[in-house]
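What the coordinates show
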Amino acid sequence: MLFSHISNIALRLERATEEQEIFREVADKLYELYPDVYIIITLISPQKNSYKIHVLKGLEKFKNKIDSLIGTDILSMEFPLEDLSDIDRRLNSNSKLNLVRGGIHTVAQKRIPKSVSKAIEKLLGVYRVYSLGMVLDEDNFGNITIFTRQGYHFPQTDIRFIETLSVIGAIALQKIRARHQMKKDAEKIQQIFHTVPVGIGIVIDRVIQEVNERICEMLGYSKEELMNQNARLVYPSDEMYEYVGKEKYRLLRETGTGQVETIWKCKNGDLKNILLRSSAINPADLSEGVIFTALDITQKKETEKALIESEERYRKLVESAPLAVLIHSKGIIRYVNKKACDLLNYKSPDELIGKQALAIVHPDDLATTKARIETMYKTGQPAPITEERFLTGDNQTITVQVAGTLIDYQGELATLVFGLDVTELRSVESEVLRYSKELEEINMAKDKFFSIIAHDLKGPFNSILGFADILHTEFDEYSDEERKHFIRNIASSAQNTYRLLENLLEWSRAQTNRLDFKPEVLELSSVINDSILLVRGQAETKDIHIFSAVEFNTRVLADENMAKTITRNLLSNAIKFSKRRGNVRVMEKHITHQETRKKMIEVMVKDDGVGMSPAVLEQIFRIDQMI
């Protein structure tokens, strides 16, 4: 039931645009489901290397008293990460719900005195304190602290839900930070456009659409005086204007890049030698416009130096980008940044540059990738964002969210690819589904366990209680022999109940994978005879004869406790469902395992009981059925 909330909260977190919304949504959902607990969410500040309380839920009415006890506003307190103990670091470095020993005093890193911590716990009625980090990969965004009141325990299902919620919150926080980073990168690009010491502009049909400040400085015009003006404005003659236009567009069509040396006329009449370099916004359609750079080569050396610095800035921008960047042309990888090398598990760009671009694509995605590239070159439009699988340097498969577009790279048409690894995200989604299935199986196992207890323990206990009550209330009315008879029945019922309880505990350990398997060489007939002795009293009350046909000195490799438990159960059931004066036989059969070809022994217990119908046999080992 709890996990029905996961998709709802995940959708709400996906729509969040700020980190504060994530913390509030997580706190609100926890408080909605657990209104009897108090919730504190702390936010880690990487800049200050500390964390502070960001959300208080359920504690609002106590805040003034808590502030008075502490002597300051609790929301203003900062807790340096360097003060965390090794234990606290482990508690905050994973998404597991941990019980905090020492309560509020420990959670507050001992910055709140123990006496004050105890006073706050008494004020709130705190019984236990739990803590878990909001962690994804190596990113730690904060911590969720939960105070419970006296007698409240989180069931295992609730623990899994809370842990899953913290992971989903961490994923949402990581996405928001990634979006903010991408926005900052876009702003940096805009800043570069306007601050690089190179003239940059955009023209469509030779009409000026955009220029940066450097163009204005070179020509002495304001931006408003240049915008939406024909480029003829900056040329000293019609001949120069016509020459540049024809030569530039010829080179753009033939090579994709037009470079021309020309002369520009400034507003004050001065002439400047300009190196003009142009690239089409869409190489497939020159009418969409041209981006140009203009260098004043009157002072050529200074301009070349500025250009080198500008190119270095662009390179660093790409190298430090949080996304993998890869450029390929004519099917060959031409460039990769460090993030791409890390993503694909290569030590250096040299291991990838020169490699066939499609060689790193997963074979199952090869056809769709080829189709996307062909469509992009045909239409000249960027490829839509999608997910593709790639092969890493160590031949592992990763899932990457990719986007591609066409660019001019070193004078030729190339594909620029951006990639974001979403393998972990898909893994988390898979884990959520797996946890849901595990919880369903655990619930069914629990229901069956309780059903068995209610069904099989009720009878023996009724017998014990009945005979004990007779002895207690009517002791003097019976002879010694009758009282001994009652006591023997109580002892027999108690032994049977104890054996049943042992079996139930063994079964529960098997269901939770805590049953130790310790095979050793056993003498099988001795194991069978020991089990027969344990149930002989039960058989004698029904005058049932038990005998074993297992040969002496038959040696097997098996776990003794498991072998005895299984044999005892089969014998006990055979006696239970047999009529009086029946027979129970234990037999052996030598067989060979069909797959491993190992020699094995099949042990069979045969009785004269009522048996089971085929319908019952089909369902007897199903956990979701009570037979």
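Here the structure is a predicted model, which is why all the values come from computation and not from measurement.

Glancing now at the packing of helix H3 (residues 63-70) against helix H6 (residues 114-124). The geometry of a pair of packed helices is captured by two quantities: the angle between their axes and the separation between those axes. For the pair H3 and H6, the least separation of the axes is 10 Å and the interaxial angle reads 165°. The angle between H3 and H6 places the two elements in the roughly antiparallel class. Relative to H6, H3 is oriented so that their crossing is right-handed. Seen from H3, the contacting residues are Lys-65, Ile-66, Leu-69 and Ile-70; seen from H6, they are Val-116, Ala-119, Ile-120 and Leu-123.

It is worth spelling out the packing of aromatic side chains at this point. A complete count under the given rule lists five aromatic pairs for this structure. On the numbers, 6.0 Å between centres and 85° between planes, the contact of Tyr-38 with Phe-62 is edge-to-face. Of the two residues, Tyr-38 sits in strand E1 (residues 38-45) while Phe-62 sits in the loop between strand E2 (50-57) and H3, which places them 24 residues apart along the sequence. For the pair Tyr-38 and Phe-62, a shared accessibility class is recorded, and that class is buried. One aromatic cluster in this structure is built from Tyr-34, Tyr-130 and Phe-154. Against the face of Phe-475 rests Arg-483, its NZ or CZ located 4.2 Å from the ring centre.

To continue, consider the nonpolar core. The nonpolar side chains of soluble globular proteins are, as a tendency, buried together. Residues Ile-22, Val-26, Leu-30, Ile-41, Ile-144, Phe-154 and Ile-162 are the most contacted members of the largest nonpolar core, which totals 38 residues. Of all the secondary-structure elements, those providing two or more residues to this core are helix H1 (4-15), helix H2 (19-33), E1, strand E5 (126-136), strand E6 (139-149), helix H7 (156-195) and helix H14 (423-456). When residues of this core are assigned to their parent elements, the largest contribution, eleven residues, is made by H7. Excluding residues within four positions of it along the chain, Ile-22 makes contact with Leu-13, Ala-16, Gly-169, Ala-172, Leu-173 and Ile-176. In terms of nonpolar packing, the next biggest core, distinct from the first, is built from 26 residues, Val-211, Met-218, Leu-226 and Tyr-235 among them.

A few words now on the environment of Asn-94. As for its placement among the helices and strands, Asn-94 is situated in the loop between helix H4 (86-92) and strand E4 (98-99). Counting along the chain gives 73 residues from Asn-94 to Val-167, while the straight-line C-alpha distance between them is 9.4 Å. Not counting chain neighbours up to four residues away, the residues in contact with Asn-94 comprise Leu-132, Gly-133 and Val-135.

Parameters at a glance
Residues numbered from 1 in each chain as written. Predicted model: local features only at pLDDT ≥ 70, side-chain atom pairs only at ≥ 80, totals over all residues. Heavy atoms only, no water. Axes fitted to C-alpha atoms, helices over the stretch in contact; angles between N-to-C directions. Helix = DSSP H or I, 4+ residues; strand = E, 2+ residues; numbered from the N terminus. Parallel < 35°, antiparallel > 145°, perpendicular 65-115°, else oblique. Left-handed = near helix turned anticlockwise from the far one by under 90°. Contact = heavy atoms within 4.5 Å. Phe/Tyr/Trp six-rings, centres within 6.5 Å; stacked < 30°, edge-to-face > 60°. Buried < 20%, exposed > 50% of the residue type's maximum accessible area, 1.4 Å probe, protein only. Lys NZ or Arg CZ within 6 Å of the ring centre and 35° of its normal. Core = buried A, V, L, I, M, F, W, Y, C linked by side-chain atoms within 4.5 Å.

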